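Here are the chains, one letter per residue:
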Amino acid sequence: MQYLSLEDLVTSSFHYIFDHHAEVDKAGIVVSQESSPFQPARLACKATRTRNGEKETPVEFVLEGLKCMTIIGVNPDERTHEQPLFLDVAIRKGSQKKQGEPFPFRDLFASISDHSSSSRFGTLEAFAFSVARHVAMEFTQNAGEEVIVRIAKPMALPHAKSACISISRKREHFALTPPRQTSPVSASPGCTSLQQLLHSRDSPTDRSRSSSTVHTVAIALGSNLGDRFANIEMALRLLEVPQALLEDLDNGAQVTVIDTSFMYETAPMYVTDQPRFANCACIVETNLESVTLLGLLKKIEDVVGRVPTIRNGPRAIDLDILTYDSERIDTRPEDKRYDLQNLTGELVVPHPRLAEREFVLRPLNDMMPDFVHPVLGKTIRTLLYDILSARRVGEPPMLKVLPFPKYPFYWIISSTDSTGKPGPHTTHIMATLNATPDSFSDGSMHDTVPAALKYVRTSVESGAHIVDVGGCSTRPGATSVSENEETDRVVPIISAIRAQESEDVANVLISVDTFRWKVAEAAVQAGANCINDVYAFTGPDYPLVQASVEHFLQMRDIARRLSVPVVLMHSRGDVRSNKDYSDYHGNLVSAIQSELGDKVQAIVRGAGGVRRWLVIVDPGIGFSKPADAQYTLLSRAASITADKPGNRLIGYPLLIGTSKKSFLASILQRPDSVGTYKGRKTGPEGRIWATAATMACAVQQGANVVRVHDVLQMRDVVATSSAIWNGLDS
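Residues numbered from 1 in each chain as written. Predicted model: local features only at pLDDT ≥ 70, side-chain atom pairs only at ≥ 80, totals over all residues. Heavy atoms only, no water.

A word on the pattern of salt bridges. It is possible for side chains bearing opposite charge to pair when their charged atoms get close. Counted according to the given criterion, the structure contains 33 salt bridges. With a closest N to O distance of 2.7 Å, D628 and R670 form a salt bridge. Pair noted here: D628 is in the loop between strand 22 (615–618) and helix 16 (629–635) and R670 is in the loop between helix 18 (662–668) and helix 19 (688–700), with a separation of 42 residues, a long-range link. Accessibility expressed as a relative area gives 47% for D628, which makes it partly exposed. Under the relative-accessibility criterion, R670 is labelled partly exposed at 42%. Through salt bridges with shared partners, a single ionic network connects E34, R42 and E64. (Salt bridge = Lys/Arg side-chain N within 4 Å of Asp/Glu carboxyl O. Helix = DSSP H or I, 4+ residues; strand = E, 2+ residues; numbered from the N terminus. Buried < 20%, exposed > 50% of the residue type's maximum accessible area, 1.4 Å probe, protein only.)

Here's what the structure looks like:
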């Protein structure tokens, strides 16, 4: 018989096995075709199938032993002489090709050969990532289809056969360019993700819009004069209205901010006798050519207020193009490119000093750690590691900060010592003010303005850094209130706080605990500085529905326009009634990273996104989680935002809220296994000491904020715990 393709032979073999061998219920088949002068690699097709026709594993198309000659390595000889590399590439697809549509193996090895011959990477890691990205974008169509790349470099090690690297990637890892490693974890079975719902809401025209003229550009922003954070925010907003600044642009000119880094405070470099800088970076998509974009950045500097000073001197705003797609650009005459002393009015991309600046590499690493530097051939992650490895002892720390729209308030979230390792952190105290008649702990205690002000004054004197004002109870069984009633509860209290004679009270930071955008807007306009949302912008529906998307877009728009920090909590459905403990599969941390990470990514990335530096995450202890599992969750809280592959919550500030919650009552009700304690039932006031234990754990786990009711007592716990875990100066 003759077969049109390897996959046709696989299908025919399955039919033969199940037709002639009744005892076989499941079979696996590998069909291969050896290499030849006209076929430079071994080809294979692998599949597993059951008698009822179900595929047990994705169909795998394999190319083995493809030899490519390319420039690879960092040594001088390696930069001038090609070396052989041997590649194995596998593509796992969800379904086989239809008969008569063979997998395009010839196109695959021709495409990989062309891609390899034109590359000039410095590391095997960077080259492998580039090949995986190329194959995923050219030879896969659907989410979930996987590319596995294995590369051997025989000439790398003198006493070993070869150096090897193997990586696997999916198409969705490269949804944006420059690439960003996200490795998203699947949502809970049967649960539609927010990203899927947002995609379904887009019109076909939006999804099919050509991007052939759209460039992806990384831009650095810095400021050390005036309100540094406001200067940066103004610059970002001006970026998106290029026609208002450059008269000769046509109406089609477009710049869209699609991602931002965390915010950092750094010591000045080169000229050290000047104020500390606020530094960050963003990624934009634009149809402007590089030189036109440079002109736009210079115009923004003029508008925001940059006054020419000495080189590397103080400035209200400084903007630099760091990367422009993966292009190399140098507008200087060729005879002027021998040093970096003649850059005024010129454009050199990638930025010529990118690799020596931690304050540039850290923000880039937040957004695009696997982007390969077009000249150096190293990923951003590797360049950052290199510079941290070379840091001198005693260098000023680089601080991650959270700015509030109440100049000059900002919180230091984390720091790095002279070796780049995390330094001591501060745990900030959020006082809980429930202006409700039915909250579980303090219902009807603070629901009048005089009572609320008394609590605020006491909390501020006791050490609260921020007061969280809520007008809608999240207690199980609580009655829902209207939007107008919730607004009427919180706005008068916020206004009264701002009108106090005591500066400490009048200037205290305020967050509004609400999931409604109109309440959030009214509260911020009355003087609140932060939005605390128990649903992370998607509202009370669970699983998520299309109404969740509309709710999400309204909340994201308000947060973006008001430019205030947001606390985004993990929960499943109506917090007053929902107790869905299913589908965690024993891994609560991974579920939180997946479900909350899906929302956070949609909030931060893409057009209209909230600035990354304004996001705080809350694992939602006490909400939609098994009581016993929450103790383990507390002990692993640091892992929620840990720098691990696939975690979309890496680096975000962490809020822990355990104060007096019912899960604490369950352990207090248990009798001792040895001893005379018989257990007891406790109300909220009987859980203060249990809360104290969780606060100590939160500090040890690196929580940046703890939400409490009893400020003075918990302030003492936090202070003592911080001294134990972080030292007396924390």
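The next subject is the pairing of strand 11 (residues 277–286). Most of strand 11 sits inside the fold, with 9 of its 10 residues counted as buried. Note that strand 8 (residues 215–223) and strand 11 share 9 bridges and pair antiparallel. Looking at strand 11, one finds that L221 is bridged to C280. Where strand 9 (residues 255–260) meets strand 11, 5 bridges bridge the pair, whose relative direction is antiparallel. Across the sheet, the residue bridging to T260 is C282, located in strand 11. (Pairing = 2+ DSSP bridges.)

With 12 residues, helix 6 (residues 228–239) extends 17 Å from end C-alpha to end C-alpha; this agrees with the ideal 16 Å at 1.5 Å per step. With 9 of 12 residues buried, helix 6 is to be regarded as a mostly interior element. Every buried residue of helix 6 is accounted for by R228, F229, N231, I232, E233, A235, L236, L238 and L239. (Expected span 1.5 Å × (residues − 1).)

Spatial ordering of the open sheet is given by 22-21-20-19-18-17-24-23, a layout of 8 strands whose pairing is parallel. For this open sheet the edge positions go to strand 22 and strand 23 (655–656), each flanked by a neighbour on one side alone.

This part is about the pairing of strand 21 (residues 566–569). Covered by surrounding structure in strand 21 are V566 and L568 together with V567 and M569, the residues of both alternating faces. Of the pairings in the sheet, the one linking strand 20 (residues 530–533) to strand 21 comprises 3 bridges and is parallel in character. By the bridge assignment, I531 is partnered in strand 21 with V566. Handedness of the crossover joining strand 20 and strand 21 through helix 14 (residues 546–562): right-handed. Pairing geometry for strand 21 and strand 22, over 4 bridges, is parallel. Across the sheet, the residue bridging to L568 is V617, located in strand 22. (Right-handed = clockwise from strand over helix to strand, strands pointing away.)

Below, the discussion takes up the packing of aromatic side chains. Per the counting criterion, the structure on display carries 9 aromatic pairs. When the centroid spacing of 4.9 Å and the interplanar angle of 70 degrees are considered together, the rings of F103 and F105 count as edge-to-face. Its relative accessible area of 7% is what places F105 among the buried residues. Among the aromatic residues, ring-to-ring pairing joins F61, F103 and F105 into one connected group. Positioned above the aromatic ring of F262 is the side chain of K400, whose terminal nitrogen or guanidinium carbon lies 4.0 Å from the ring centre. (Phe/Tyr/Trp six-rings, centres within 6.5 Å; stacked < 30°, edge-to-face > 60°. Lys NZ or Arg CZ within 6 Å of the ring centre and 35° of its normal.)

With that out of the way, let us pick up the environment of L633. With respect to the secondary-structure elements, L633 resides in helix 16. The sequence separation of L633 and I621 amounts to 12 residues, and the corresponding C-alpha distance is 8.1 Å.

Within the secondary structure, N279 is located in strand 11. A distance of 2.6 Å separates polar atoms of two side chains, one belonging to N279 and the other to T266. (Polar contact = N/O pair within 3.5 Å; in protein donor to acceptor, adjacent residues only side chain to side chain.)

The subject of this paragraph is the environment of N142. Along the chain, N142 turns up in the loop between helix 3 (124–139) and strand 6 (146–153). The partly exposed category is assigned to N142, whose relative accessible area is 46%. Separated by 49 residues in the primary sequence, N142 and K93 have C-alpha atoms spaced 8.4 Å apart.

In a regular helix each residue adds 1.5 Å, so 16 residues correspond to 22 Å; helix 3 covers 22 Å between its end C-alpha atoms and thus fits that length. In terms of residue burial, helix 3 counts as a mostly covered element, since 12 of its 16 residues are buried. Here helix 3 has its buried residues at L124, A126, F127, A128, F129, S130, V131, A132, H134, V135, A136 and F139. On the buried face of helix 3, the contacting elements are strand 3 (59–72), strand 4 (83–93), helix 2 (105–117), strand 5 (120–121), strand 6 and strand 7 (163–170). (Contact = heavy atoms within 4.5 Å.)

Now for the packing of helix 13 (residues 517–526) against helix 14. As a packed pair, helix 13 and helix 14 sit with axes 9 Å apart at the nearest point and diverge in direction by 15 degrees. The angle between the axes of helix 13 and helix 14 places the two elements in the roughly parallel class. As for how helix 13 packs across helix 14, the hand of that crossing is right-handed. Facing W517, A520, E521 and V524 of helix 13, the residues of helix 14 in contact are Q554, M555, I558, R561 and L562. (Axes fitted to C-alpha atoms, helices over the stretch in contact; angles between N-to-C directions. Parallel < 35°, antiparallel > 145°, perpendicular 65-115°, else oblique. Left-handed = near helix turned anticlockwise from the far one by under 90°.)

Between helix 10 (residues 449–462) and helix 11 (residues 483–498), whose axes approach to 10 Å, the crossing angle comes to 50 degrees. It follows from the interaxial angle that helix 10 and helix 11 lie oblique. Judged by the sense of rotation from one axis to the other, the crossing of helix 10 with helix 11 is right-handed. Side by side, helix 10 and helix 11 meet where V449, A452, L453 and V456 of the first sit next to P492, I493, A496 and I497 of the second. Here the contact of helix 10 with helix 11 is composed, by residue class, of 8 nonpolar, no polar and no charged. (Nonpolar A, V, L, I, M, F, W, Y, C, P; charged D, E, K, R; others polar.)

Quick look at the confidence of the model for the protein chain now. If pLDDT is low for a region, its predicted coordinates should not be looked at in detail. Looking at the protein chain as a whole, the pLDDT averages 86, with 87% of positions reaching at least 70. Confidence drops under pLDDT 50 across residues 175–190; counting only partners more than four residues distant or on other chains, this segment forms 51 contacts. When the criterion is pLDDT under 50, residues 207–212 qualifies, and its contacts beyond four places in sequence or with other chains add up to 3 contacts. (pLDDT = per-residue confidence, 0-100.)

Its place among the elements puts S13 in helix 1 (residues 6–20). Considering only alpha carbons, one finds S13 and G28, 15 residues apart in sequence, at a separation of 10.0 Å.

Counting through the fold element by element, Q630 comes out in helix 16. Classification of Q630 as buried rests on a relative accessible area of 2%. Leave out the neighbours within four places in its chain, and Q630 touches I621, G622, F623, K625 and F663.

Moving on, we come to unusual backbone geometry. Looking along the chain, the bond that leaves V349 and enters P350 is cis, with omega of -5 degrees. With respect to the helices and strands, the residue P350 is situated in the loop between strand 14 (348–349) and helix 8 (358–367). The omega torsion of the bond from Y542 to P543 falls at -5 degrees, within 30 degrees of zero and hence cis. Relative to the helices and strands, P543 resides in the loop between strand 20 and helix 14. Its identity is not glycine, yet S624 carries a phi of approximately 60 degrees, on the positive side. Looking at the secondary structure, you find S624 in the loop between strand 22 and helix 16. The backbone of K660 sits at a positive phi, close to 60 degrees, despite the residue not being glycine. Along the chain, K660 falls in the loop between strand 23 and helix 18. K660 gets classed as buried once you look at its relative accessible area, which sits at 2%.

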